[in-house]
Amino acid sequence: MSKNFKMKFKLKGLHKLMKQSPKAFNKSLAVAGLQFLNWANNGSKNESAKPPIRFGVLRGSSSVFVGNKLIGIQPQNVKEHGSPTPAKSYNGRTDTMTVVWNTDYAKKMHEWKGNWGKYTLQDSNAGNKWLEKHISKDRTDIFKLIVAQFKKEIHI
């Protein structure tokens, strides 16, 4: 059983871009993936939710891929304990952006319903369902970012 926690969401209407220029499309996914990883871990203008925190291992264990290429990892600002374990490899479709939290307890914390520790309570808007909330609220901005970056890549 994999310890990775990931969710997929589809951005309909992007197939035309992918067919027009797969290279530009993948670069656009990379830019959007890094932005989404940042939003999911730190909050966005649309959704302030963040993963729960104790020492920062969960947030520091997140990474983003386009296909099987590692695009980036969350900066690892771990307080005093633990070692983040961001995924450094992933086998995904070449036209797919995947965001991963690579800890044994990531899925559990995403679904957890209560009794948060003091660091989560002190870090405003930290708690469960952070990824679902960002997928729901940031979907349109991610779509727009992919399209804008694609246009930039093909010089439109």
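Residues numbered from 1 in each chain as written. Predicted model: local features only at pLDDT ≥ 70, side-chain atom pairs only at ≥ 80, totals over all residues. Heavy atoms only, no water.

(A) Representation of the pattern of salt bridges in the model. According to the stated counting rule, one finds 8 salt bridges in the structure shown. The salt bridge partner of Asp141 is Lys45, with a shortest N-O separation of 3.7 Å. Pair noted here: Asp141 is in helix H6 (residues 130-153) and Lys45 is in the loop between helix H2 (22-42) and helix H3 (57-60), with a separation of 96 residues, a long-range link. Notably, a salt bridge pairs Lys129 with Glu132, separated by 3.4 Å at the nearest N-O pair. (Salt bridge = Lys/Arg side-chain N within 4 Å of Asp/Glu carboxyl O. Helix = DSSP H or I, 4+ residues; strand = E, 2+ residues; numbered from the N terminus.)

(B) Main features of the pairing of strand S2 (residues 62-66). Summarising burial for S2: 5 of the 5 residues are buried, a large majority. Here S2 shows two buried faces, one formed by Ser62, Val64 and Val66 and the other by Ser63 and Phe65. As paired strands, S2 and strand S4 (residues 97-102) are joined by 5 bridges and run antiparallel to one another. Looking across to S4, one finds that Phe65 is bridged to Thr98. (Buried < 20%, exposed > 50% of the residue type's maximum accessible area, 1.4 Å probe, protein only. Pairing = 2+ DSSP bridges.)

(C) Region of interest: the pairing of strand S3 (residues 69-73). Where S2 lies against S3, 4 bridges are found, and the strand directions are antiparallel. When the sheet's bridge partners are listed, Ser63 is paired in S3 with Ile73.

(D) Quick peek at the nonpolar core. If you look at the biggest cluster of nonpolar residues, it comprises 27 residues, and the most contacted ones within it are Phe25, Phe36, Trp101, Trp130, Ile142 and Ile146. Among the elements of the structure, helix H1 (15-20), H2, S2, S4, helix H4 (106-111) and H6 are those that each provide at least two residues to this core. In this structure, Phe25 is in contact with Leu14, Leu17, Met18, Asp95, Ile146 and Phe150, ignoring residues within four places of it in sequence. (Core = buried A, V, L, I, M, F, W, Y, C linked by side-chain atoms within 4.5 Å. Contact = heavy atoms within 4.5 Å.)

(E) Structural detail: the packing of aromatic side chains. In this structure the tally under the stated criterion is 2 aromatic pairs. Between Phe65 and Tyr90 the ring centres are 5.5 Å apart and the planes differ by 35°, which places this aromatic pair in the tilted class. Pair noted here: Phe65 is in strand S2 and Tyr90 is in the loop between S3 and S4, with a separation of 25 residues, a long-range link. For the residue pair Phe65 and Tyr90, the accessibility class agrees, reading buried in each case. Ring geometry for Trp101 versus Trp130: centroids 5.7 Å apart, planes at 75°, classification edge-to-face. Within this pair, whereas Trp101 is found in strand S4, its partner Trp130 is found in helix H6, the two being separated by 29 residues in sequence. Just as Trp101 is buried, Trp130 falls in that class too. (Phe/Tyr/Trp six-rings, centres within 6.5 Å; stacked < 30°, edge-to-face > 60°.)

(F) Region of interest: the packing of H2 against H6. Across the interface, H2 lies against H6 with an axial gap of 8 Å and an inter-helix angle of 145°. Crossing geometry of H2 relative to H6 is assigned as right-handed. Of the residues in H6, those in contact with Ala24, Phe25, Lys27, Ser28, Leu29, Val31, Ala32, Gln35, Phe36, Trp39 and Ala40 of H2 are Trp130, Leu131, His134, Ile135, Asp138, Asp141, Ile142, Leu145, Ile146, Gln149, Phe150 and Glu153. (Axes fitted to C-alpha atoms, helices over the stretch in contact; angles between N-to-C directions. Left-handed = near helix turned anticlockwise from the far one by under 90°.)

(G) Spatial organisation of the side chain of Asp138. Within the element layout of this structure, Asp138 appears in helix H6. For the buried residue Asp138, which engages in no salt bridge, the nearest side chain bearing the opposite charge is Lys45, 7.7 Å off. Within polar-contact distance, the side chain of Asp138 engages the side chain of Ser44 at 2.8 Å. One polar contact links Asp138 to Asn46, side chain to side chain, over a distance of 3.1 Å. If sequence neighbours within four positions are ignored, Asp138 has contacts with Phe36, Trp39, Ser44, Asn46 and Glu47. (Lys, Arg positive; Asp, Glu negative; His and termini not counted. Polar contact = N/O pair within 3.5 Å; in protein donor to acceptor, adjacent residues only side chain to side chain.)

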